[in-house]
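Chains, contacts and geometry: an overview
Spelled out from the first residue to the last, the chains are:
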Amino acid sequence: MPSLPINSTLRLFLAGHRGMVGSAILRRLQARKAAGEPFDLLTRTHAELDLTDQAAVRDFMQTERPDVVILAAARVGGIHANNTYPADFIYENLMIECNVIHQAFAAGVTRLLALGSSCIYPRAVPQPMREDALLTGVLEPTNEPYAIAKIAGIKLCESYNRQHGTDYRSVMPTNLYGPGDNFHPENSHVLPALIRRFHEAALSGAEEVTLWGSGLPRREFLHVDDMADASLFVLDLPKNIYDAKTQPMLSHINVGSGTDVTIMELARMVADMTGFSGRILTDPSKPDGTMRKLMDVSRLRTLGWTARIDLQQGLEDTYRWFLSTAQYRG
């Protein structure tokens, strides 16, 4: 954690602490506080602070004066949600980023970490996707509005660094999953959607489950607890080390597991885990999205961090959490 002069206590604002990633980061920050690290942890629910409200964010930053900000808040969803609510996705994410980043700067915050998404990369890009693939081609149409907003967040951080000498950093996670995920039947991402569908199919004794698309796209998955660890790892890096591995206008860092599976392979893993023994069919009339999205995580590995939770272990952990909640009842 960035240090302050002796006899002072660092104040850290975690935006989005109730989301899947934010809650995982919160758990780690709370553990660090319990272990004796001297910092005040600031959080606000959406009801307490609407991050799309510029005046409200300004008043919060000016009153609380955090020293460090972690921006984990975002409007997120799968292909269906992105296709159905493109205006909501681009507007809300742009407003959150603009308000939090600018008002943090106006309040004197010099250290900030923003979380983005692997969808920032072009649809047709060499695999695995390197950081320097950003802005080299056309984006995937199904989530272009969300991707544009996340690219803007990266460039906001870099532009404030260039003009004002701040230390604003960005991490780009691959597909995340784990406790706190959204299992809504229409608005969830692929992995939680599969968990819910196969769980319900097993309970009902269904003979088949049909996947959206061909089942051929390959996806990389990272457990949210690994993402939380990676986020704090990057935040804690001394500035000279972070700067040595990045460039002023290419400063974001990929975060992923470095491995991927097909959607069909993932579906079979989930089917086995939930006890579903029927047929798994595909519906190629539905969009697949990008055919492969594997992150090049060599930059982060050279800095000293690698993922620790493998997919099978992470799936079992997520399914236990799912069963312990009422989410699957819809």
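Everything in this summary refers to the structure shown in the same document. (Residues numbered from 1 in each chain as written. Predicted model: local features only at pLDDT ≥ 70, side-chain atom pairs only at ≥ 80, totals over all residues. Heavy atoms only, no water.)

Read across the open sheet, the three strands follow the order S11-S8-S13; overall the sheet is mixed. The sheet terminates laterally at strand S11 (261-262) and strand S13 (292-293), the two strands that pair on one side only. As defined by bridge partners, strand S8 (residues 218-219) adjoins S11 across two bridges and the pair is classed as antiparallel. Looking at the pairing, Arg-218 lines up with Thr-262 of S11. (Pairing = 2+ DSSP bridges. Helix = DSSP H or I, 4+ residues; strand = E, 2+ residues; numbered from the N terminus.)

A cis geometry characterises the amide bond from Gln-127 onward to Pro-128, with omega recorded as -5°. Take Pro-128: it is sitting in the loop between strand S4 (111-115) and helix H5 (144-164). Even without being a glycine, Arg-65 presents a positive backbone phi close to 50°. Turning to its location among the elements, Arg-65 is positioned in the loop between helix H2 (54-64) and strand S3 (68-71).

The subject of this paragraph is the packing of helix H9 (residues 263-274) against helix H11 (residues 311-324). Their axes nearest at 11 Å, the elements H9 and H11 cross at an angle of 50°. For the element pair H9 / H11, the angle class is oblique. Helix-helix and strand crossings are classified by hand; for H9 and H11 the assignment is right-handed. Listed contacts from H11 to Leu-266, Met-269, Val-270, Met-273 and Thr-274 of H9 are Leu-311, Gln-312, Leu-315, Glu-316 and Tyr-319. (Axes fitted to C-alpha atoms, helices over the stretch in contact; angles between N-to-C directions. Parallel < 35°, antiparallel > 145°, perpendicular 65-115°, else oblique. Left-handed = near helix turned anticlockwise from the far one by under 90°. Contact = heavy atoms within 4.5 Å.)

For the structure shown, the criterion picks out 25 salt bridges. Between Asp-317 and Arg-320 there is a salt bridge, and its shortest N-O distance comes to 3.9 Å. Of this pair, Asp-317 and Arg-320 both sit in helix H11, separated by three residues, roughly a single helical turn. On the basis of relative accessible area, Asp-317 is assigned to the partly exposed category, the value being 24%. Under the relative-accessibility criterion, Arg-320 is labelled exposed at 53%. (Salt bridge = Lys/Arg side-chain N within 4 Å of Asp/Glu carboxyl O. Buried < 20%, exposed > 50% of the residue type's maximum accessible area, 1.4 Å probe, protein only.)

On to the packing of aromatic side chains, then. What the rule picks out here adds up to nine aromatic pairs. Between the aromatic rings of Phe-13 and Phe-60, the centroid separation amounts to 4.5 Å while the plane-to-plane angle is 55°, which identifies the pairing as tilted. Linking Phe-13 in strand S1 (residues 10-15) with Phe-60 in helix H2, this pair joins segments that are 47 residues apart in sequence. Put simply, the rings of Phe-183, Tyr-319, Trp-321 and Phe-322 pair up and form one aromatic cluster. For the cation-ring pair, Lys-33 lies above Phe-39, with the distance from its terminal atom to the ring centre recorded as 5.3 Å. In this structure, Lys-286 packs its charged tip against the face of Trp-212, placed 5.8 Å from the ring centre. (Phe/Tyr/Trp six-rings, centres within 6.5 Å; stacked < 30°, edge-to-face > 60°. Lys NZ or Arg CZ within 6 Å of the ring centre and 35° of its normal.)

Pairing within the open sheet is parallel, and its six strands lie in the order S2-S1-S3-S4-S5-S10. Each having just a single partner strand, strand S2 (39-42) and strand S10 (253-255) make up the two edges of the open sheet. Adjacent strand axes in the sheet meet at a mean angle of 20° when their direction is disregarded. With five bridges joining them, S4 and strand S5 (residues 167-173) adopt parallel strand pairing. Within the sheet, the bridge partner assigned to Leu-113 lies in S5 and is Arg-169. Along the sheet, helix H4 (residues 86-106) contacts S3, S4 and S5; its crossing angle with S3, the most-contacted strand, is approximately 175°. Running over the sheet, H5 touches S4 and S5 and is turned about 155° from S5.

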